[in-house]
Amino acid sequence: ESVRLLLDHAAHDDIYVQLAALRGLAFADHADHLPEALNGLTHSRQHNTLMLNDILKRFDTPSVPSLIGLAQGAAATEVRLAAVMALASIGSLEAVNPLIALTRDDHVDIRAQTLATLGKL
C-alpha cells in the first residue's frame with residue numbers, strides 16, 4: 001500500500017512532493033517500480049537537477065535502463081541532465097553506447113554533461 005502511495009506521488013505537481021516520493025522509493029529499494037515512477041518526471045517541471053541526481057543515483061545499477069530512457073526522452077532538460085549525472089555516479093558500462101548517441105543531442109548542456117559522464121565511465 002505504501003509503495004502505491006509513493007508511486008502516485010512521484011507524479012505530483014509539487015516538485016518537492018515528487019522528490020520526497022522518489023526518495024522514499026529509493027530508500028525502500030524499489031528500483032523495480034522505477035519505470036513507473038520516472039514516467040511522472042517526463043512531464044515534470046522539475047528544475048532541481050542536483051537534488052534529483054542525488055535521488056536517482058540511489059536506485060543504483062537496476063535503474064540504468066530506466067535512466068538511459070529518461071536521458072534520451074522528452075523530459076525537461078534539467079531532468080535529463082539529472083539522469084545523465086546519475087549514470088555517471090552509478091558507473092555502469094551499459095550506458096556507454098546510449099551516451100555516445102547523446103553526444104549529438106540538440107541541447108548543449110546535455111552534450112556537455114554526457115561527455116563528462118563518458119570520461120568518468
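Just so you know, these numbers come straight off a predicted model, no measurement behind them. (Residues numbered from 1 in each chain as written. Predicted model: local features only at pLDDT ≥ 70, side-chain atom pairs only at ≥ 80, totals over all residues. Heavy atoms only, no water.)

*Asks:* Which residues make up the overall build of the protein, and what values do they have?
*Replies:* Along the protein, the regular secondary structure elements total eight helices and zero strands. Reading the protein from its N terminus to its C terminus gives the helix and strand order α-α-α-α-α-α-α-α. A compact globule built from 121 residues would reach a C-alpha radius of gyration of about 14 Å, and the protein, at 13 Å, matches this within 12%. Expressed as lengths along the three principal axes of its C-alpha atoms, the size of the protein is roughly 40 × 25 × 20 Å. Across the protein, every contact between residues at least 6 apart in sequence was considered, and the portion connecting residues at least 24 apart equals 64%. Taken as a whole, the protein presents about 6,100 Å² of accessible surface, with 53% of it coming from carbon and sulfur. (Helix = DSSP H or I, 4+ residues; strand = E, 2+ residues; numbered from the N terminus. Rg over C-alpha atoms; globule rule 2.2 N^0.38 Å. Contact = heavy atoms within 4.5 Å. Areas by Shrake-Rupley, 256 points an atom, 1.4 Å probe, with all protein chains shown as cover.)

*Asks:* Let's hear about helix 4 (residues 49-56): which residues, and what values?
*Replies:* By the burial criterion, the buried members of helix 4 are Thr-49, Leu-52, Asn-53, Ile-55 and Leu-56. Here the buried residues of helix 4 occupy an arc of 165 degrees about the axis, which is enough to place them on one side. In this fold, the buried residues of helix 4 make contact with helix 2 (15-27), helix 3 (34-42), helix 5 (64-72) and helix 6 (77-90). (Buried < 20%, exposed > 50% of the residue type's maximum accessible area, 1.4 Å probe, protein only. Arc of directions from axis to C-beta.)

*Asks:* I'd like a rundown of the packing of helix 4 against helix 6, residues and numbers included.
*Replies:* Across the interface, helix 4 lies against helix 6 with an axial gap of 8 Å and an inter-helix angle of 45 degrees. Between helix 4 and helix 6, the interaxial angle falls into the category oblique. The handedness of the crossing between helix 4 and helix 6 comes out as right-handed. Side by side, helix 4 and helix 6 meet where Thr-49, Leu-50, Leu-52, Asn-53 and Leu-56 of the first sit next to Glu-78, Val-79, Leu-81, Ala-82, Ala-83, Met-85, Ala-86, Ser-89 and Ile-90 of the second. Its residues placed into classes, the contact of helix 4 with helix 6 shows ten nonpolar, three polar and one charged. (Axes fitted to C-alpha atoms, helices over the stretch in contact; angles between N-to-C directions. Parallel < 35°, antiparallel > 145°, perpendicular 65-115°, else oblique. Left-handed = near helix turned anticlockwise from the far one by under 90°. Nonpolar A, V, L, I, M, F, W, Y, C, P; charged D, E, K, R; others polar.)

*Asks:* Could you give me a rundown of the packing of helix 2 against helix 3, with the residues and numbers involved?
*Replies:* Two elements in contact, helix 2 and helix 3, have axes whose closest approach is 11 Å; the angle formed by their N-to-C orientations is 160 degrees. Classed by the angle they form, the pair helix 2 and helix 3 counts as roughly antiparallel. Remark: the crossing between helix 2 and helix 3 carries left-handed chirality. Here Gln-18, Leu-22 and Leu-25 of helix 2 lie close against helix 3, whose contacting residues are Ala-37, Gly-40 and Leu-41. Taken together, the residues of the contact of helix 2 with helix 3 sort by class into four nonpolar, two polar and no charged.

*Asks:* Kindly report on the pattern of salt bridges, identifying the contributing residues and their values.
*Replies:* Summed over all chains, the structure comprises five salt bridges. Asp-105 is paired through a salt bridge with Arg-80; the nearest N and O atoms lie 2.5 Å apart. Remark: Arg-80 occurs in helix 6 and Asp-105 occurs in the loop between helix 7 (96-102) and helix 8 (108-120); sequence separation between them is 25 residues. The two residues Asp-105 and Arg-80 agree in class, both being buried. One connected set of salt bridges, linked through shared partners, spans Arg-4, Asp-8 and Glu-36. (Salt bridge = Lys/Arg side-chain N within 4 Å of Asp/Glu carboxyl O.)

*Asks:* For unusual backbone geometry, give the residues involved together with the corresponding values.
*Replies:* Located in the positive-phi region is Asp-60, a residue other than glycine, with phi close to 60 degrees. Mapping Asp-60 onto the fold places it in the loop between helix 4 and helix 5. Overall, the relative accessible area of 39% leaves Asp-60 in the partly exposed class.

Note that every value here comes from positions in space, so none of it alone points to a role or purpose.
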